[in-house]
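Take a look at the letters that make up each chain.
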Amino acid sequence: MSDAHSLYKRHFTSAEESQQAIAKLQDHDSYKLAFADDTFLMQDDLRHVRLQLEYLKPQLVLEQHGVKATIVVFGSARFLAPEQANKNLELAEQTLAKQPDDKALQLTLQQAKRDQKNSEYYLASQHFSQLVTDHSNKHQDSALMIISGGGPGVMEAANRGAMAAGGESIGLNIVLPKEQNPNPYITPHFCFQFHYFAIRKMHFLQRARALVAFPGGFGTLDELFETLTLIQTKKAERVPVILYDKAFWQKLINFDMLAEQGLISPQDLELIQYADTPEHAWQLIYDYYELGQTQPE
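Thresholds applied
- Residues numbered from 1 in each chain as written.
- Predicted model: local features only at pLDDT ≥ 70, side-chain atom pairs only at ≥ 80, totals over all residues.
- Heavy atoms only, no water.
- UniProt positions renumbered as here; feature names shortened; annotations may be inferred.
- Core = buried A, V, L, I, M, F, W, Y, C linked by side-chain atoms within 4.5 Å.
- Buried < 20%, exposed > 50% of the residue type's maximum accessible area, 1.4 Å probe, protein only.
- Helix = DSSP H or I, 4+ residues; strand = E, 2+ residues; numbered from the N terminus.
- Expected span 1.5 Å × (residues − 1).
- Bend = angle between axes of the 7 residues up to and from the residue.
- Polar contact = N/O pair within 3.5 Å; in protein donor to acceptor, adjacent residues only side chain to side chain.
- Pairing = 2+ DSSP bridges.
- Phe/Tyr/Trp six-rings, centres within 6.5 Å; stacked < 30°, edge-to-face > 60°.
- Salt bridge = Lys/Arg side-chain N within 4 Å of Asp/Glu carboxyl O.
- Contact = heavy atoms within 4.5 Å.
- Axes fitted to C-alpha atoms, helices over the stretch in contact; angles between N-to-C directions.
- Parallel < 35°, antiparallel > 145°, perpendicular 65-115°, else oblique.
- Left-handed = near helix turned anticlockwise from the far one by under 90°.
- Nonpolar A, V, L, I, M, F, W, Y, C, P; charged D, E, K, R; others polar.

Under an unreviewed UniProt entry, the name given to the protein is Cytokinin riboside 5'-monophosphate phosphoribohydrolase, and the organism recorded is Arsukibacterium tuosuense. As its UniProt record puts it under Catalytic activity (unreviewed entry), the protein is described as follows: "AMP + H2O = D-ribose 5-phosphate + adenine".

So this is what it looks like as structure tokens:
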């Protein structure tokens, strides 16, 4: 009798003991199917697999639904809807009226006033997306689907405008230290979540036929400059890049100075256009692609 067989006889003297041993093996992490083993998949050595999976999931869904052309809407997540901004301002005024010398309440009122003013961007994003979606509903041969970062603020407004027009829209959420929840206006089967910024950015631009950037912070600037760099270096095809609120952007960034100093070519300034109304932003895209005549491909 072999040593292995003797060992088996010595340790498993009954069918019950054998079944218990089998059950223990089946319960061990090593026995799990590779794609169902979270511990295995989350190892550093499997990062390339996670990157591939994160790219493929939205890719296959969008292909299955025939999504070929999108308009990307960027902007601050901090802008409030007008109804919320007005409510907050009214509350701040009422609260301060009871304690007019309270410094903290004075600051709260200042913030509420700023939020109310900035809610104009929320409304503009919503209206712009509604214009795009209205066109797409009527002209399937030149349809353009709104895609946003999936969160609050300008992103929410963009998805909300598409829904108000009776259309679908995409939201690409990202896992952040401060959890970002998807806004409720995203079409459910187009609501995705990402861990890797790089893969998320690829999906923003892969089908993009235009980018509209509303005022925003670091995230908005990151996405804007990456897009401009890809177009400038011809890593991506040229598409309209529209900055909403010319006064804001020209105060924030002196693009002309970059050209004057030879840091970019004068022709690079032509990559940027400005719009001060939702209608103007949409008209720039409409004219660029001659949407009354041709499909934006």
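Now that the structure has been shown, the text picks up again.
Counting residues in hydrophobic clusters, the biggest one holds 55 residues, and the most contacted among them are Ile71, Phe128, Ile170 and Ile285. Membership of the second largest hydrophobic core comes to six residues, among which are Ala92, Leu96, Leu109 and Ala112.

For helix H6 (residues 103–138), built from 36 residues, the straight-helix expectation of 52 Å at 1.5 Å per residue is met to within 8% by its first-to-last C-alpha distance of 53 Å. Where H6 bends most, the angle comes to about 30°, and this point is Lys117. Where H6 begins, one side-chain oxygen reaches toward the backbone nitrogen of Ala104, 2.9 Å away; that side chain belongs to Asp102.

Strand S1 (residues 70–74) sits mainly inside the fold: five of its five residues count as buried. Here S1 shows no split at all, with Thr70, Val72 and Phe74 on one side and Ile71 and Val73 on the other all buried. Taken together, the four bridges between S1 and strand S2 (residues 145–148) define a ladder with parallel strand orientation. Within the sheet, the bridge partner assigned to Val73 lies in S2 and is Ser148. Alignment of S1 against strand S5 (residues 208–213), held across five bridges, turns out to be parallel. Note that in S5 the partner of Phe74 across the bridge is Ala213.

Applying the stated criterion across every chain yields a total of seven aromatic pairs. Ring plane angle 80° and centroid distance 4.9 Å describe the contact between Tyr288 and Tyr289, whose orientation is recorded as edge-to-face. We classify Tyr288 as partly exposed; its relative accessible area is 40%.

So, about the pattern of salt bridges. Side chains that carry opposite charge are capable of pairing whenever their charged atoms lie near each other. Counted according to the given criterion, the structure contains six salt bridges. Measuring nitrogen to oxygen at the nearest pair gives 3.7 Å for the salt bridge that ties Glu223 to Arg200. Taken together, the residues span a long stretch of sequence, with Glu223 in helix H9 (residues 218–232) and Arg200 in helix H8 (residues 197–206) at a distance of 23 residues. Each member of the pair Glu223 and Arg200 is classed as buried. One salt bridge in this structure joins Glu226 and Lys201, with 2.8 Å as the shortest N-O distance.

Moving on, we get to the environment of His203. Turning to its location among the elements, His203 is positioned in helix H8. As for His203 and Glu237, which are separated by 34 residues in sequence, their C-alpha atoms are 14 Å apart. Apart from residues lying up to four places away in sequence, His203 is in contact with Glu54, Tyr55, Pro58, Gln59, Ile147, Leu172 and Phe194. A distance of 2.9 Å separates a polar side-chain atom of His203 from the backbone oxygen of Tyr55.

The next thing to look at is the packing of H6 against helix H12 (residues 278–289). Here H6 crosses H12 at 40°, and the two axes come no closer than 8 Å. One element, H6, and the other, H12, form an angle in the oblique class. The way H6 lies across H12 gives a crossing that is right-handed. Here Ala124, His127, Phe128, Leu131, Val132 and His135 of H6 lie close against H12, whose contacting residues are Pro278, Glu279, Ala281, Trp282, Ile285 and Tyr286. Of the residues that constitute the contact of H6 with H12, the class distribution is nine nonpolar, two polar and one charged.

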